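# Working through the structure, step by step
Listed below, chain by chain, are the residues.
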Amino acid sequence: GQQLNQSPQSMFIQEGEDVSMNCTSSSIFNTWLWYKQDPGEGPVLLIALYKAGELTSNGRLTAQFGITRKDSFLNISASIPSDVGIYFCAGQGQGTYKYIFGTGTRLKVLA
Amino acid sequence: DGGITQSPKYLFRKEGQNVTLSCEQNLNHDAMYWYRQDPGQGLRLIYYSQIVNDFQKGDIAEGYSVSREKKESFPLTVTSAQKNPTAFYLCASTAGGRGDTQYFGPGTRLTVL
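The text that follows walks through the structure, step by step, so that each part is easy to find. Being a predicted model, the structure only gives us computed values, none of them experimental. (Residues numbered from 1 in each chain as written. Chains lettered and ligands numbered in written order. Predicted model: local features only at pLDDT ≥ 70, side-chain atom pairs only at ≥ 80, totals over all residues. Heavy atoms only, no water.)

### Topic: the overall build of chain A
Along chain A, the regular secondary structure elements total zero helices and eleven strands. Shown N-terminal to C-terminal, the secondary structure of chain A runs as helices and strands in the order β-β-β-β-β-β-β-β-β-β-β. For 111 residues, the compact-globule formula gives about 13 Å, and the C-alpha radius of gyration of chain A, at 13 Å, lands near that figure. On the principal axes, the C-alpha backbone points of chain A span a range of 45 × 30 × 20 Å. (Helix = DSSP H or I, 4+ residues; strand = E, 2+ residues; numbered from the N terminus. Rg over C-alpha atoms; globule rule 2.2 N^0.38 Å.)

### Some remarks on the sheet that holds strand β7 (residues 64-66) of chain B
Residue and element names in this part refer to chain B. Taking strand neighbours across the sheet as the criterion, the four strands line up as β1-β3-β8-β7 in an open arrangement whose pairing is antiparallel. The outermost strands of the open sheet, each flanked by one partner alone, are β1 (4-7) and β7. Each strand axis lies, on average, 20° off the axis of its neighbour in the sheet, ignoring direction. As paired strands, β7 and strand β8 (residues 76-78) are joined by three bridges and run antiparallel to one another. Bridge pairing in β8 places Y64 opposite V78. (Pairing = 2+ DSSP bridges. Axes fitted to C-alpha atoms, helices over the stretch in contact; angles between N-to-C directions.)

### Some points on the interface of chain A and chain B
Where interface size is quoted, it is often the accessible area lost as the parts come together. If you look at the interface, chain A gives 24 residues, while chain B gives 28 residues. It is A:Y97, A:K98 and A:Y99 in chain A that bury the most area against chain B; as a group they hold 33% of the surface buried on that side. Seen at the junction of chain A and chain B, the total is two salt bridges. Joining chain A to chain B, the criterion identifies six residue pairs in polar contact (both at pLDDT 80 or more). The greatest single-element share of the side of chain A that touches chain B, amounting to four residues, is contributed by strand β4 (residues 31-37) of chain A. A class-by-class count of the residues in the side of chain A that touches chain B yields ten nonpolar, eleven polar and three charged. (Contact = heavy atoms within 4.5 Å. Buried area = accessible area lost by both parts, 1.4 Å probe. Salt bridge = Lys/Arg side-chain N within 4 Å of Asp/Glu carboxyl O. Polar contact = N/O pair within 3.5 Å; in protein donor to acceptor, adjacent residues only side chain to side chain. Nonpolar A, V, L, I, M, F, W, Y, C, P; charged D, E, K, R; others polar.)

### Description of the state of the cysteines
All names here are of chain B. The final tally for this structure, using the stated rule, is two disulfides over all chains. What pairs with C23 in a disulfide is C91, and their sulfur atoms sit 1.8 Å apart. The sign of the -70° torsion about the S-S bond sets the C23-C91 disulfide as left-handed. Of this pair, C23 sits in strand β3 (residues 19-25) while C91 sits in strand β9 (residues 87-94), and the two are 68 residues apart along the sequence. By relative accessible area, which is 1% here, C23 ends up buried. The buried category is assigned to C91, whose relative accessible area is 0%. (Disulfide = S-S within 2.5 Å. Buried < 20%, exposed > 50% of the residue type's maximum accessible area, 1.4 Å probe, protein only.)

### So, a nonpolar patch on the surface
Residues and elements named next belong to chain B. Together, Y10, F12 and L113 give the surface a local cluster of nonpolar side chains, amounting to about 400 Å² of exposed area. For L113, the position within the fold is in the segment after β11 (108-112). Overall, the relative accessible area of 64% leaves L113 in the exposed class. (Patch = residues over 30% accessible without salt bridge, like charges linked within 9 Å, V, L, I, M, F, W, Y side chains within 5 Å. Areas by Shrake-Rupley, 256 points an atom, 1.4 Å probe, with all protein chains shown as cover.)

Right under this line is the structure:
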């Protein structure tokens, strides 16, 4: 099955640093979702994007729906230890009920 | 509280046995989904259902079966035909399916001994 290209695969950063990650697709999406998953838990929705060019924030998190509708970006500002986890993107194309998921970005924050 | 529940959290079975994983939602969502997650991997779609009494195969349906007799319930059976069933299984739902936000349950970790 198709999966999105998500990068980077993993990141080790210092507390207080900003973080950027992105997802790219070969096909156009109408919806982009960003999730965070802690070990052994289900993914928790962070941000939902529904329109090309849309920029949405949730606290220290900001995500953007790419103009081409084939990519999306997630930024985390001033990282803290509890930001540790795996971040997934997910996209949904037109006329389908299926979501396609990225391979995840593993974030570790060093205090 | 509204949400998605999956039970049990941990499940152990002997090889060759069928096992059914429970997923219940009280969000009044129409669409429900089952995903499989392997260590260090993303989520792969097993089955999804848009409405009651209807469901479609996802990318890795072989060795699995589902039913959707009630709107709030979407159980997944892992059959003995599934060659590598040990994994983390996640259930999700959306209100209408297309263009809607997808919410996840807490997951069930299945270990086949």
